[in-house]
Amino acid sequence: MSRIRHIDKLTDSRHLNMYELEARNRLDNPVDYFVASRAKEIEDLKISTHNLKPDGVIIYSLYGEQKDKVILVRQYRYAIDGYIYEFPAGLVDPGEDYKIAGARELKEETGLDFHPVNVDEMYEKPYFTTIGMTDECCASVYGYATGKVSKDGLEDNEDIEVVIADREEVRRILKEERVAIMCAYMLMHFLKDEDDPFAFLK
């Protein structure tokens with residue numbers, strides 16, 4: 001059985017840290033493994049807590065009188081030195097409910113107001129993002145956005161363009177642009193379920 005024997009914290013950053021794991025694989029051979037985490041200390045790692053408290057929240061929101069447009073962000077990401085299409089998203093503050101975090105993040109990133117819909121908890125519960133590299137997990141919230149786009153709430157290190165995309169533009173984005181995988185899957189639902197993009201939540 002695979003197991004972890006020791007953990008070292010390698011960095012001390014505000015939003016993301018690196019940890020080195022000394023482990024043994026299922027054949028009892030030594031393994032060196034590195035994990036990126038939102039955890040500030042070893043005892044906060046999901047290895048230690050075994051909980052699914054969401055580190056972040058992803059906001060899937062529809063827009064317009066016909067609810068036929070979707071809110072996206074085209075954001076610069078250092079990991080690829082370029083722009084990628086994503087849903088608005090952000091970190092959940094300590095003690096903050098992820099639904100409140102979703103509304104706050106949408107407002108900060110886009111200037112829009114969020115009106116959530118109630119869904120079964122299996123659609124919102126935290127899921128892991130890229131488990132091969134990180135223990136980060138994110139909850140999802142679904143709803144409708146209203147208001148006017150504004151960049152007034154952006155932080156200095158956020159390089160974001162708000163995109164209000166109809167189905168034609170979503171098809172173009174999926175064909176031609178770089179898209180985060182979680183966003184891409186949801187956009188495929190958006191294209192297929194033309195009568196009600198949230199039909200899969202029912």
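Residues numbered from 1 in each chain as written. Predicted model: local features only at pLDDT ≥ 70, side-chain atom pairs only at ≥ 80, totals over all residues. Heavy atoms only, no water.

A. Broad picture of the packing of helix α4 (residues 167-176) against helix α5 (residues 181-192). In the contact formed by α4 and α5, the axes pass within 10 Å of each other and the chain directions differ by 140°. At the point where α4 passes α5, the crossing takes the left-handed sense. Mapping the contact onto sequence places R167, V170, R171 and L174 in α4 and A184, L187, M188, F190 and L191 in α5. Grouping the constituent residues of the contact of α4 with α5 by class yields seven nonpolar, no polar and two charged. (Axes fitted to C-alpha atoms, helices over the stretch in contact; angles between N-to-C directions. Helix = DSSP H or I, 4+ residues; strand = E, 2+ residues; numbered from the N terminus. Left-handed = near helix turned anticlockwise from the far one by under 90°. Contact = heavy atoms within 4.5 Å. Nonpolar A, V, L, I, M, F, W, Y, C, P; charged D, E, K, R; others polar.)

B. Spotlight on α4. Those residues of α4 that sit buried are R167, V170 and I173. The buried residues of α4 all sit within an arc of 115° when viewed along its axis, so they share a single face. Opposite the packed face of α4, turned more than 90 degrees from it, sit the exposed residues E168, K175 and E176. Along its buried surface, α4 packs onto β5 (69-77), β6 (82-86), β11 (160-165) and α5. (Buried < 20%, exposed > 50% of the residue type's maximum accessible area, 1.4 Å probe, protein only. Arc of directions from axis to C-beta.)

C. Representation of unusual backbone geometry within the structure. Notably, D28 is not glycine yet its phi reads approximately 70°, a positive angle. For D28, the position within the fold is in the loop between β2 (17-24) and β3 (30-37). When its relative accessible area of 36% is taken as the criterion, D28 is described as partly exposed. Of note, the phi angle at H50 is positive, near 60°, even though the residue is not glycine. With respect to the helices and strands, H50 occurs in the loop between α1 (46-49) and β4 (56-63). The class for H50 is exposed, based on a relative accessible area of 67%.

D. Main features of the domain arrangement of the chain. Taken domain by domain, the chain comprises domain 1 (1-47) and domain 2 (54-199). Relative placement of domain 1 and domain 2: their C-alpha centres are 29 Å apart. Both faces considered, domain 1 and domain 2 share a buried interface measuring about 760 Å² in area, 43% of it formed by carbon and sulfur atoms. When the buried area of domain 1 at its contact with domain 2 is split by residue, A36, R38 and K46 rank highest and sum to 66% of it. Viewed at the interface, domain 2 and domain 1 are joined by two salt bridges. For E136, the salt bridge identified is with R38, shortest N-O distance 2.9 Å. Counting across the domain 1 and domain 2 interface gives eight residue pairs in polar contact (both at pLDDT 80 or more). With five residues, β3 is the single largest residue contributor to the side of domain 1 that touches domain 2. Looking at the side of domain 1 that touches domain 2, its residues break down into five nonpolar, two polar and two charged. (Domains from an automatic or database assignment. Buried area = accessible area lost by both parts, 1.4 Å probe. Salt bridge = Lys/Arg side-chain N within 4 Å of Asp/Glu carboxyl O. Polar contact = N/O pair within 3.5 Å; in protein donor to acceptor, adjacent residues only side chain to side chain.)

E. Focus on a nonpolar patch on the surface. Residues I181, M182, Y185 and M188 make up a contiguous nonpolar surface patch of roughly 420 Å² in combined accessible area. Within the secondary structure, M188 is located in helix α5. Its relative accessible area of 44% is what places M188 among the partly exposed residues. (Patch = residues over 30% accessible without salt bridge, like charges linked within 9 Å, V, L, I, M, F, W, Y side chains within 5 Å. Areas by Shrake-Rupley, 256 points an atom, 1.4 Å probe, with all protein chains shown as cover.)

F. Molecular detail of the layout of surface pockets. Approximately 160 Å³ is the volume found for the second largest pocket. For the second largest pocket, the full set of lining residues is I4, L21, Y33, V35, K46, I47, I131, T134 and D135. Of all the elements in the fold, those that place two or more residues in the lining of the second largest pocket are β3 and α1. Partitioning the lining of the second largest pocket into residue classes produces six nonpolar, one polar and two charged. Lining the lining of the second largest pocket are residues from two domains, each supplying at least three of them: domain 1 (1-47) and domain 2 (54-199). (1 Å grid on protein atoms, 1.4 Å probe; cavity = no way out; pocket = protein on both sides within 12 Å on 5 of 7 lines; lining within 4 Å. Points joined across faces, edges and corners; volume = space filled by probe spheres on them.)

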